Amino acid sequence: MNEQLFEAVDQYIGNLFRDEDDCLKATAQSIIDSGIPQISISPNQGKFLHILARLANAKKILEVGTLGGYSTIWMARALPKDGKLITIEIDKKHAEVAKENFNRCGLSAKIDVRLGKAIDVLPILEQEGAGPFDMIFIDADKPPYTEYFQWALKLSRPGTLIIADNVVREGKILLEESPDEMVAGVKRFNKYLSECKDITATIFQTVGAKEHDGMAICIVN
Ligand code: SAH
Ligand code: DHB
Ligand code: MG
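Quick caveat, the model's predicted, so the values are computed rather than measured.

Student: Tell me about the site of ligand 1, and name the residues and values.
Tutor: Close to ligand 1 lie 20 residues, the nearest being Gly 65, Ser 71, Glu 89, His 94 and Asp 139. Contact distances for ligand 1 include 2.8 Å between a nitrogen atom and a side-chain N or O atom of Ser 71. A distance of 2.6 Å is found between an oxygen atom of ligand 1 and a side-chain nitrogen or oxygen belonging to Glu 89. In terms of residue class, the shell around ligand 1 is made up of eight nonpolar, six polar and six charged.

In structure tokens:
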């Protein structure tokens, strides 16, 4: 009942603001057609990240977990002319689908797709001096979220905005023990975040087209 209502309201918002242009629609379709997981953020969440990137005046954005590039495009569109976005993806096929989408959207010059395990690529970015980033979106595999966050901090400056997707998992984070390693991973992350003195953070719940979940949002002190 509630799920249906949340989805209907999400559609109402989408229809009202007409947020997805042909390019984003084609990106969403490419994810269906190529058979890669349909776990992109929703259109309204994309618009939300876009607004946050603008608010943060982001010139350098880092994303962990590209998939087909749907969230990437929303954020990259908030960048100024000389802005850059680095997105990390482990799966070659996902990265290829994403690159086609960036081409189609005319964003290839701004987006650098780094193929590899995030835990290996993040230290390389530090060595390269790629940071500090103005905004970081964590959305890859959930068990190492805490470690991704620690790397995000190293690649930050005071004022950097860090967002992590999927930290509520339909409320499964309320379970004392969970056999689901994704739930265990985000619980560990949420606790770490709540105790971390270097940031100011909260978690908000997300409902709508996707299952009930949540995003952690924080600003580096
Ligand atoms: N941000 C995307 C969705 C990402 S889904 C969007 O909203 O549009 C999670 C992605 O993380 C998948 O493409 C998956 O292949 C990738 N991933 C999983 N484990 C990873 C790892 N260890 N390092 C880098 N990417 C990883
Ligand atoms: C999953 C991952 C995501 O990033 C997401 O937004 C939804 C689901 C998953 O791996 O199940
Ligand atoms: Mg996600």
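Student: Kindly report on the state of the cysteines, identifying the contributing residues and their values.
Tutor: On inspection of all chains with the given rule, the structure shows one disulfide. The residue that forms a disulfide with Cys 23 is Cys 105, at a sulfur-sulfur distance of 2.2 Å. Residues Cys 23 and Cys 105 are joined by a disulfide whose S-S torsion is about -125 degrees; by sign, that bridge is left-handed. Residue Cys 23 is located in helix H2 (residues 22-33), and its partner Cys 105 is located in the loop between helix H5 (92-104) and strand E3 (111-115); the two are separated by 82 residues in the primary sequence. Accessibility assignment for this pair places Cys 23 and Cys 105 in one class, buried. Cys 218 supplies the cysteine sulfur nearest to Cys 196, a cysteine that is in no disulfide, at a spacing of 7.7 Å.

Student: Describe the packing of helix H6 (residues 118-128) against helix H7 (residues 145-154), listing the residues and the values that go with them.
Tutor: Where H6 contacts H7, the two axes come as close as 10 Å, and the packing angle between them is 10 degrees. In terms of their interaxial angle, H6 and H7 are classed as roughly parallel. Of H7, the residues touching H6 (which contributes Ala 118, Ile 119, Leu 122, Pro 123 and Glu 126) are Glu 147, Tyr 148, Trp 151 and Lys 154.

Student: Tell me about the sheet that holds strand E6 (residues 199-206), and name the residues and values.
Tutor: Reading across the sheet, the seven strands line up as E3-E2-E1-E4-E5-E7-E6 and stay open at both edges, with mixed pairing between neighbours. Looking at strand neighbours, the two that pair on one side only are E3 and E6, the edges of this open sheet. Strand after strand, the sheet turns through a mean of 15 degrees between neighbouring axes, direction not considered. Bridging between strand E2 (residues 84-89) and E3 involves five bridges; their strand directions are parallel. Each residue of the ladder has a partner; that of Ile 88, found in E3, is Arg 114. Each of E2 and E3 is contacted by H5, which is oriented at about 170 degrees to E3, the strand it contacts most.

Student: I'd like a rundown of the environment of Gly 68, residues and numbers included.
Tutor: Within the secondary structure, Gly 68 sits in the loop between strand E1 (60-64) and helix H4 (70-76). Take Gly 68: its relative accessible area is 0%, and that puts it in the buried class. Taking the C-alpha atoms as reference points, Gly 68 and Thr 27, 41 residues apart in sequence, are found 7.1 Å from one another. Non-local contacts of Gly 68, meaning those with residues more than four positions away in its chain, are made with Thr 27, Ile 31, Ile 36, His 94, Val 97, Ala 98 and Asn 101.

Conventions and cut-offs
- Residues numbered from 1 in each chain as written.
- Chains lettered and ligands numbered in written order.
- Predicted model: local features only at pLDDT ≥ 70, side-chain atom pairs only at ≥ 80, totals over all residues.
- Heavy atoms only, no water.
- Near = heavy atom within 4 Å.
- Polar contact = N/O pair within 3.5 Å; in protein donor to acceptor, adjacent residues only side chain to side chain.
- Nonpolar A, V, L, I, M, F, W, Y, C, P; charged D, E, K, R; others polar.
- Disulfide = S-S within 2.5 Å.
- Helix = DSSP H or I, 4+ residues; strand = E, 2+ residues; numbered from the N terminus.
- Buried < 20%, exposed > 50% of the residue type's maximum accessible area, 1.4 Å probe, protein only.
- Axes fitted to C-alpha atoms, helices over the stretch in contact; angles between N-to-C directions.
- Parallel < 35°, antiparallel > 145°, perpendicular 65-115°, else oblique.
- Contact = heavy atoms within 4.5 Å.
- Pairing = 2+ DSSP bridges.

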